[in-house]
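Structural overview
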Protein chains: 2
Amino acid sequence: MKFSVQNLIKLGNVDSVYTIFGWVRSKRGNKQITFLAVNDGSCFENIQVVSELEKDLKNINTGSSVRVTGKLKESKGSGQKYELIADEIELIGSANPESYPIQPKAHTLEFLRENSHLRFRTTTFSSVFRIRHAISFAVHKFFNERNFYYLNTPLITTSDAEGAGEMFRVTNLKPGEKNYSNDFFGKETYLTVSGQLEAELGALGLGKVYTFGPTFRAENSNTSRHLAEFWMIEPEISFADLDDVIKLAVEMIKYIINYVLENYKSDLIFLNDRAIKEQLKLKKEARDEFNLLEKLNNIINQDFEIIEYSDAIEILKKSKHNKKGKFKFPVNDWGVDLQSEHEKYLVEKKFKKPVVIINYPKEIKAFYMRMNDDNKTVAAMDILMPGIGEVVGGSQREERLDHLIKRMNGMNISKDELWWYLDTRKFGTVPHGGFGLGLERLVQFITGMNNIRDVIPFARTPKNIEF
Amino acid sequence: MKFSVQNLIKLGNVDSVYTIFGWVRSKRGNKQITFLAVNDGSCFENIQVVSELEKDLKNINTGSSVRVTGKLKESKGSGQKYELIADEIELIGSANPESYPIQPKAHTLEFLRENSHLRFRTTTFSSVFRIRHAISFAVHKFFNERNFYYLNTPLITTSDAEGAGEMFRVTNLKPGEKNYSNDFFGKETYLTVSGQLEAELGALGLGKVYTFGPTFRAENSNTSRHLAEFWMIEPEISFADLDDVIKLAVEMIKYIINYVLENYKSDLIFLNDRAIKEQLKLKKEARDEFNLLEKLNNIINQDFEIIEYSDAIEILKKSKHNKKGKFKFPVNDWGVDLQSEHEKYLVEKKFKKPVVIINYPKEIKAFYMRMNDDNKTVAAMDILMPGIGEVVGGSQREERLDHLIKRMNGMNISKDELWWYLDTRKFGTVPHGGFGLGLERLVQFITGMNNIRDVIPFARTPKNIEF
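As the structure is a computational prediction, the values presented were derived from the model and not from experiment.

What follows is about the overall build of chain A. When helices and strands are counted, chain A shows 13 helices and 16 strands. Across its three principal directions, the C-alpha atoms of chain A cover 85 × 60 × 45 Å. The 467 residues of chain A split such that 59% are buried. Contacts in chain A between residues far apart in sequence, at least 24 positions, make up 66% of those at least 6 positions apart. By element, 47% of the accessible surface of chain A is carried by carbon and sulfur atoms, the whole surface being about 19200 Å².

Okay, here's the thing in C-alpha cells:
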C-alpha cells in the first residue's frame, strides 16, 4: 500500500507492509546494515528505513529519490517511533555526491538562498514553508468562520492613490516607446501597493471582505526586512469603528498563532531549537528574553497594550533612553513619526508585550483615515510585536464625504481619478475600517527566521530575480 | 444586540430585540406602514423591516444605509420567514434617488460593469462574489485536507519559458529609457503567465503543493472569455503519473461543486432562476438541455469520460458534423489542435458529460510534458466541461534529464535560463505532474454567468482599467 510518510506515522499498522517514496536525507550504517532517513515533504518527520540489502544501496546517497517497500516496525533506536524494514529499495533518481549542493552538513542561509530551488529539501526550509502554508490556511479559515468574503482586488492599477511607496510600471509598449495612449490599457499603469481602496468597495456591499494577495514596492532597499514582491492580508469591515478593527486584528493574530501551535508542533519545536542555537551566537545582552515557543504562547495568553500616540510620545520623551541620548532619533515633539527604535523600546522595554498605538497625528497618515473630533489626529492604529516591530497597520476610514474631500484637497489627491471611491460616500455611506498585515512579517515572527528572504519561496529584491 | 442579517435569520429568537445594519434594497408600503428590504451582504436573504414610524422614513430610499432596532417576529407575508418590527430606524447614509445609479429596476450587465464599485450591492453580483469566495475557500480546504502545501510562486519573472502567451513588461526605468541593466532587477522582467515551473521546485521537496494566485496575459482579446489579469490554481504532486493527476483534478472539481451546493443554496437557487430567464431569451435550439442546478448535480454524480486524443480525432473525423461541413475547422488529420467547436461537440453532443482528453501530439504541447513511449505523444490531459469548454490543462512532467534536454533543444528553450529547473532532474528526480485551473472559468460554470468580466470584482481588459 502506497502511503505518505505522514500517513505512515499517523495511520500505519505495525507488521503491515507499505510502500513509501521520498528523498534520502542521510545514510549511515556498516557492511551488514544500512539506515536511510527518508523524507517526502509531507511532514517534519523522516521515516527510518532499515536495510540489509547491500546490493541495492550502492548508488543511493543524500538527495537520491527512492521507492521503499517494507514492513513497519516499532523502532528500538531513539529519535523515531517507527522504522520500515526494507524488502525492496528502488533508486528512482540519483544525486551525485560530487555535485549535489545540499550535502548533509551545515550550510549558510545565504548559500541555501542561492539554491532556493533545492532548499525545500532541507529540514529548516521545509518546516518554514509548511508553517507558511499553515498560516495562510488559518487566515482563510478564520475569515470564513466569521462570514468574511474573499475578494480578489486588481494587481494592475492606474494610481498610487495611497502614496504608500514607489511603484513598478506595467507596460506592453516596445522598449523606449513613450506614448501611453498606445499601451495595453491606454494609459500609464502600475503594480498595486495595496488592495485597500477596492476592498472598501467590496465591504460596502458584501459587509465583510478580505484580500490575500501579492503587493509590490519598487524601493531600492536591500535589507533583511524588505521585498519588492510580498503578500498582504487586508480585511475590511462595514458598520465598524476603530475598536472593532483592533479587536479583529488581535483576534486574528492569536487565532493564527494558536492554529500553528496546535497543528505544526514538530516543525515549531525544531525551529525553536534552531532559534535558540542562533541566539547563543549573539552577545548575551542581544539575546531574546524568551525562546520562540515561549514568545508564541505569550502572545496568545496576553492582552495587547492599547495606548494613544500622544501617551506613547510622553513615555518616550520621559524615558531614560531618550534622556541618555540612546535613541538615534531623539523624541522631543508631538507629531513625529515613530522609528523602529521607539517601537522596540515600547514593546520590549516598557510593556513587554504587543502594543497597539492609536490616534496618530493626521500629518503622518493617509488621506482615507477618519478625522477624530480633535481635528488633529486620525483613527489609525498600528500593532507592534516583540522582535519584529509593526505587523499591522489599520484605521477607521473617513466615511463622511465632506471630511474626505477636504482631506483629499489638502493632500492633492485627485478626486477625478477616485470618483468611484467618493461615490461610496455619496450613496449609503457607513462607518467602516480595516487593516493590512504583511504575511512575511508574520511568518518571520512565528518561525523565528531573521531574514525576510528566507520565508518566501523565491525572493524578489533589487538586482535579484533568479528562479 | 447587534447581529448580521445572516446571524439574525440563523440564530435569532422570536420576540427578542435586535439591532441590524444594512442597505435598503427596496421600500414599499402606504401611509400607515412601510416595508424595507434590508441587506447587509452577509447572506443572500434580506431582512424585512416593518415600520409604522413614518417620520423617520422620509429620506430613506433604495441604497440608503440604515440602523434598525426592533423585535424579531415570524413573518405573515410570503417570501421571508422573519421580519423585524422596528422600534427605531436611523438613516446613516442617504442615497439620492436622482443620482444613485442602482435603482430597483432591471439594469444591463454592461451598465453594472461600468458601476463595478456599486454592483456588490445588487442581488446578482453579491451572489456571484459570495460564490467566488466559496469556491476559493473550498480550494484551500480541499488541498489542506489532502496534505498539500500552499506555495506562493513569484509574480515578477524573467522569462516566458512556457511560451504560454504575450507578457506584460515590469519596469522601474523612466519612460523611454531602454537600458535594462539599470532597471530594478538589472534585466528585462515580466508578469508571470504561470507558476508551474516554480511549483515543480516546491513539489520536489515538499511532496504536494499548490499555487493560487494571479496570472497575466497581454493579449489583445476583447472577448467574453479573456481577461488580462486572472486567477489560477496550480497543484503539483510528486511520485505521481498522469492517472494520479487526472484523479486529483476530477476529485477537486467535484469537491468544489459539492461544497458550493451544500453551503450556498440560496445564492445558487437565485442564480439558477436567473440563468433560466436568460435561457428563455435565446432561440430554442440554443438553450441548454439542463438548468444550472441540474448541470452542477450532473457533474458530481457522473464519471468523467476519459479518451485518447487519437480516438477523439477519429470520432470527430467520422462525425456527421464533420461530414456535413458544420465545423468551421474541418477535422481531417491526426495532429491538429482541437478548437472550441470540436470540444463542444465531444462534450455536449457525443458524450453529454465532462470529457478528459489525454496523450496529445507533442507538437502542440509544451516542452515540459512527459514523452510517451510512442515518441509521438506526450502525457498531457485537458478537461472539457459542458458550456464552458476547457477548464483544466495538465500533464505528467518530463522527469528524465536526457529527454527533457532533447525537447528543450528541439524547441529552442534556453537551458542556461532554466538551470534550476534542470537541476531538479539531475538530483533525486521523481515522476511528478500537475495541472492548472482557471478560477474565473469555474466561477462562470458554477454561477451560470456568461461574461468572464462579471465573475471578477474589477476586470482588466484591453483599454479598460477603471477602479
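Another point: the domain arrangement of chain A. Residue and element names in this part refer to chain A. Parsing chain A into structural domains produces domain 1 (5-102) and domain 2 (120-304 + 353-454). With ten residues of domain 1 in contact, the opposing surface of domain 2 contributes nine residues. Both faces considered, domain 1 and domain 2 share a buried interface measuring about 770 Å² in area, 51% of it formed by carbon and sulfur atoms. Taken together, the links from domain 1 to domain 2 amount to zero salt bridges. Scanning the region where domain 1 abuts domain 2 turns up four residue pairs in polar contact (both at pLDDT 80 or more).

Contacts between the two partners involve 117 residues from chain A, matched on the other side by 117 residues from chain B. In total, chain A and chain B occlude about 9000 Å² of area from one another, counting both sides; carbon and sulfur atoms represent 63% of this. Summed over the shared surface of chain A and chain B, the result is zero salt bridges. The interface formed by chain A and chain B includes 47 residue pairs in polar contact (both at pLDDT 80 or more). In terms of residues, the side of chain A that touches chain B owes the most to one element, helix H3 (residues 123-145) of chain A, which gives ten residues.

Turning to the pairing of strand S14 (residues 377-385) of chain B, a few remarks are in order. Residue and element names in this part refer to chain B. Counting buried positions along S14 gives nine out of nine residues, so the element sits mostly inside the fold. Relative to strand S15 (residues 389-396), S14 runs antiparallel, the two being bridged by six bridges. Bridge pairing in S15 links Met 381 to Gly 394. Between S14 and S15, which pair antiparallel one after the other, the connecting turn spans three residues, and Gly 387 there sits at a positive phi close to 85°.

Let us look at the sheet that holds strand S13 (residues 355-361) of chain B. All names here are of chain B. Spatial ordering of the open sheet is given by S6-S10-S11-S16-S15-S14-S13-S12, a layout of eight strands whose pairing is mixed. Of all the strands in the sheet, the pair left with one neighbour each is strand S6 (149-150) and strand S12 (305-308). Note that S6 and strand S10 (residues 208-216) share two bridges and pair parallel. Counterpart to Tyr 150 in the pairing with S10 is Tyr 210.

For the rest of this paragraph, the subject is helix H5 (residues 242-263) of chain B. In this model, H5(B) (22 residues) spans 32 Å end to end at C-alpha, consistent with the 32 Å of a helix rising 1.5 Å per residue. Two or three places before B:Asp243, at the start of H5(B), stands the capping residue B:Asp241, its side-chain oxygen 3.2 Å from that residue's backbone nitrogen.

Taken as a whole and judged by the stated rule, the model has 56 aromatic pairs over all chains. For the pair A:Phe3 and A:Tyr18, a centre-to-centre distance of 5.0 Å together with 40° between the ring planes defines the contact as tilted. In this pair, A:Phe3 is assigned in the segment before helix H1 (5-11) and A:Tyr18 in strand S1 (residues 17-29), connecting sequence segments 15 residues apart. Across this residue pair, the class does not change: A:Phe3 and A:Tyr18 are buried. Members of the aromatic cluster, joined through ring pairs, are A:Phe120, A:Phe125, A:Phe129, A:Phe458, A:Phe467, B:Phe367, B:Tyr368, B:Trp419, B:Trp420 and B:Tyr421. Above the plane of the ring of A:Tyr360 lies A:Lys365, whose end atom (NZ or CZ) is 4.2 Å from the centre.

When chain A is fitted to chain B, the residual RMSD is 0.0 Å, and the transformation amounts to a turn of 180° plus an axial shift of 0.0 Å. This pairing of chains is accounted for by a two-fold axis. Rotation axis and chain A: the residue whose C-alpha lies nearest the axis is A:Gly176, separated from it by 1.9 Å. By residue overlap, the copies meet face to face through one surface: 100% of the interface positions of chain A are interface positions in chain B.

All names here are of chain B. The mixed closed barrel is built from five strands, whose spatial order is S1-S2-S3-S5-S4. Each strand of the sheet is rotated relative to its neighbour by a mean of 55°, with strand direction disregarded. For strand S2 (residues 34-39) and strand S3 (residues 47-51), the ladder comprises five bridges, and the chain directions are antiparallel. Along S3, the bridge assignment pairs Thr 34 with Ser 51.

Taken as a whole and judged by the stated rule, the model has 47 salt bridges over all chains. When the shortest N-O distance is used, the salt bridge between A:Lys295 and A:Asp288 registers 3.7 Å. A:Asp288 gets classed as partly exposed once you look at its relative accessible area, which sits at 37%. Residues B:Lys318 and B:Glu314 are paired through a salt bridge, measuring 3.9 Å at the closest nitrogen-oxygen approach. Placement of both B:Lys318 and B:Glu314 in helix H8 (residues 309-318) is noted, with a separation of four residues, approximately one turn of the helix. With a relative accessible area of 57%, B:Lys318 lands in the exposed category. Note on B:Glu314: relative accessible area 33%, which makes it partly exposed.

Let us now look at a positive patch on the surface. Residues and elements named next belong to chain A. The grouping of Lys 320, Lys 324, Lys 326 and Lys 349 at the surface amounts to a positive patch. With respect to the helices, strands and loops of the structure, Lys 349 is situated in helix H10 (residues 340-351). We classify Lys 349 as exposed; its relative accessible area is 51%.

A few words on the nonpolar core. The biggest cluster of nonpolar side chains holds 248 residues, and the ones touching the most others in it are A:Met381, A:Ile446, B:Met381 and B:Ile446. Once residues lying within four places of it in the same chain are set aside, the contact partners of A:Ile446 are A:Ile131, A:Ile135, A:Ile256, A:Ile257, A:Val260, A:Leu268, A:Leu292 and A:Leu296.

Procedures and definitions
- Residues numbered from 1 in each chain as written.
- Chains lettered and ligands numbered in written order.
- Predicted model: local features only at pLDDT ≥ 70, side-chain atom pairs only at ≥ 80, totals over all residues.
- Heavy atoms only, no water.
- Helix = DSSP H or I, 4+ residues; strand = E, 2+ residues; numbered from the N terminus.
- Buried < 20%, exposed > 50% of the residue type's maximum accessible area, 1.4 Å probe, protein only.
- Contact = heavy atoms within 4.5 Å.
- Areas by Shrake-Rupley, 256 points an atom, 1.4 Å probe, with all protein chains shown as cover.
- Domains from an automatic or database assignment.
- Buried area = accessible area lost by both parts, 1.4 Å probe.
- Salt bridge = Lys/Arg side-chain N within 4 Å of Asp/Glu carboxyl O.
- Polar contact = N/O pair within 3.5 Å; in protein donor to acceptor, adjacent residues only side chain to side chain.
- Pairing = 2+ DSSP bridges.
- Expected span 1.5 Å × (residues − 1).
- Phe/Tyr/Trp six-rings, centres within 6.5 Å; stacked < 30°, edge-to-face > 60°.
- Lys NZ or Arg CZ within 6 Å of the ring centre and 35° of its normal.
- Least-squares fit on C-alpha atoms with pLDDT ≥ 70 in both.
- Axes fitted to C-alpha atoms, helices over the stretch in contact; angles between N-to-C directions.
- Patch = residues over 30% accessible without salt bridge, like charges linked within 9 Å, V, L, I, M, F, W, Y side chains within 5 Å.
- Lys, Arg positive; Asp, Glu negative; His and termini not counted.
- Charge placed at Lys NZ, Arg CZ, Asp CG, Glu CD.
- Core = buried A, V, L, I, M, F, W, Y, C linked by side-chain atoms within 4.5 Å.

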